[in-house]
Amino acid sequence: MELTNITGLKGQVTIPGDKSISHRSIMLGSIAKGITEVHNFLEGADCLATIECFRKLGIEIEKNQDTVVVHGKGLHGLTPPTDILDVGNSGTTTRLLAGILCGQEFDSKISGDESLNSRPMKRIMEPLTQMGANISSILRNDCAPLYITKGKLHGFHYDSPIASAQVKSCILLAGLYADGETSVTEPNLSRNHTELMLKEFGADLMSAHELTNTRTTASVRPCQELYGQKITVPGDISSAAYFIAAGLLVPDSEILIKDIGINPTRAGFLKVCEDMGGDIILQNEHFCGGERVADILVRTSNLHGITIEGSIIPTLIDEIPIIAVMAAMAEGTTIIRDAEELKVKETDRIETVTDNLKAMSCDVTPTFDGMIIEGGKPLLGATIHTLLDHRIAMAFSIAALVAEGTTNILDSDCVDVSYPSFYDTFELLL
């Protein structure tokens, strides 16, 4: 994909459904009793992998464009798969599905592509094993492929060393099948889509803000049954972030982005934009299925560098590549700390982001847990090596719109993982 700089992005766009919520709607719909109807489902490769896995587990799932109907069979209605469950490149599918499978009466195997099978799974294997699960790394390298056999799960409390929604969700989903209460405490609060959706489906769950002694603990008790729901998935703020950044950076721009999920555990990106001086207005705020939703109006702004660290990091970890691009265009220095989790995404995003920013003549220094970006210097067109990481492709497509000359985004079709219509959406703003 070749891109050049432009001016005057104007108009209104609607973003595809939230990736995290789309995954969870299929998973909970499959283990709930009755029909779950999902609207604005994200048809990205990762979410489609989740559908295929549950079809292999005996669940009938109908898909008509962005509407999905799941014929759930209840908590104990899954059937043994006849083949390996292929999760593709989806870490969310792998980790959350593992939690569900540990509570089943049959054996199963989970595997993905080369990239997925190099990502760390010890972070879920350890707590699941403490619960009584039988889960192992087939290659004994603490990565997928994973082999899960019948075990007896016990309720327990887990102090997670990292703030990870995937780890937390995996344990809570396993907790549905345990013999007592299961709780997870994180060092900082990660996204809480699983907790909100579990409540909608009828689980006996206490989320962080409801517990008296801590704001980073979620607790679930075993239940007899979950019940199918109607779900409207809000627009994905991680996908909207690229258009927000484009509206801030591209000269003479004004963009209205409709119906975006602004869950506080996900909306750290909006705070960063405001702290950097971005002109952002939330309109039409409302709730849908327990999730906070709003339209976002964004206009071209003069940004300045800030320090991003601490408890806000889990709320914007997926947006750090595009934040880095914004920082390159901002005046002054931006420091990103406490983001070591970037190293175990689809790529080592500290390395991938800094290498590509350097290729565009940005003054950037990688650190063990983030990066230091000296902004304000013009970016130059370059060849961007995405390494098949969708968020790198989209972030540097925005960089290309404000860089001098032509930028070539290699393997740009990797955006299909989370946003297949990404480049088409831009056509609506030209």
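Because the structure is a prediction, the values reported are computed rather than measured.

### What to know about the layout of surface pockets
Okay, step 1: Of the pockets and cavities examined, the largest pocket occupies roughly 680 Å³.
Okay, step 2: In terms of lining, the largest pocket is formed by 40 residues, of which the most central are Ala163, Ser164, Ile317, Glu341 and Lys345.
Okay, step 3: When residues of the lining of the largest pocket are traced back to their parent elements, those giving at least two are α1 (19-31), α3 (91-101), α5 (165-175) and α11 (390-402).
Okay, step 4: Sorting elements by how many residues they give to the lining of the largest pocket places α1 first, with four residues.
Okay, step 5: Of the residues in the lining of the largest pocket, the class split is 10 nonpolar, 13 polar and 17 charged.
Okay, step 6: Split by domain, the residues of the lining of the largest pocket number at least three in each of domain 1 (2-16 + 234-428) and domain 2 (19-232).

### Points about the domain arrangement of the protein chain
Okay, step 1: With domains assigned, the protein chain is organised as domain 1 (2-16 + 234-428) and domain 2 (19-232).
Okay, step 2: Just the C-alpha atoms count here: the centres of domain 1 and domain 2 sit 28 Å apart.
Okay, step 3: Contact with domain 1, which involves 26 residues of that partner, is made by 25 residues of domain 2.
Okay, step 4: Taken together, both faces of the contact between domain 1 and domain 2 bury some 2200 Å²; the carbon and sulfur share is 49%.
Okay, step 5: Two residues, Arg123 and Glu341, come together in a salt bridge whose shortest N-O distance is 2.5 Å.
Okay, step 6: The interface formed by domain 1 and domain 2 includes 12 residue pairs in polar contact (both at pLDDT 80 or more).

### A short note on the UniProt feature "binding site: phosphoenolpyruvate" (unreviewed entry) in the protein chain
Okay, step 1: UniProt records the feature "binding site: phosphoenolpyruvate" (unreviewed entry) at Lys19, Gly91, Arg119, Gln166, Arg349 and Arg391, using the numbering of this structure. Within the annotated group, the residues that form the lining of the largest pocket are Lys19, Gly91, Arg119, Gln166, Arg349 and Arg391.
Okay, step 2: Using a relative accessible area of 15% as the deciding quantity, one classes Gln166 as buried.
Okay, step 3: For Gln166, the residues in contact, after removing those within four places along its chain, are Gly91, Thr92, Arg95 and Leu96.
Okay, step 4: Checked against the element boundaries, Arg391 lands in helix α11.
Okay, step 5: Look at Arg391 and you get buried, because its relative accessible area is 4%.
Okay, step 6: Contacts of Arg391, omitting those with residues within four sequence positions, involve Lys19, Ser238, Tyr242, Asp318, Pro321, Arg349 and Ser418.

The rules behind each value
- Residues numbered from 1 in each chain as written.
- Predicted model: local features only at pLDDT ≥ 70, side-chain atom pairs only at ≥ 80, totals over all residues.
- Heavy atoms only, no water.
- 1 Å grid on protein atoms, 1.4 Å probe; cavity = no way out; pocket = protein on both sides within 12 Å on 5 of 7 lines; lining within 4 Å.
- Points joined across faces, edges and corners; volume = space filled by probe spheres on them.
- Helix = DSSP H or I, 4+ residues; strand = E, 2+ residues; numbered from the N terminus.
- Nonpolar A, V, L, I, M, F, W, Y, C, P; charged D, E, K, R; others polar.
- Domains from an automatic or database assignment.
- Contact = heavy atoms within 4.5 Å.
- Buried area = accessible area lost by both parts, 1.4 Å probe.
- Salt bridge = Lys/Arg side-chain N within 4 Å of Asp/Glu carboxyl O.
- Polar contact = N/O pair within 3.5 Å; in protein donor to acceptor, adjacent residues only side chain to side chain.
- UniProt positions renumbered as here; feature names shortened; annotations may be inferred.
- Buried < 20%, exposed > 50% of the residue type's maximum accessible area, 1.4 Å probe, protein only.

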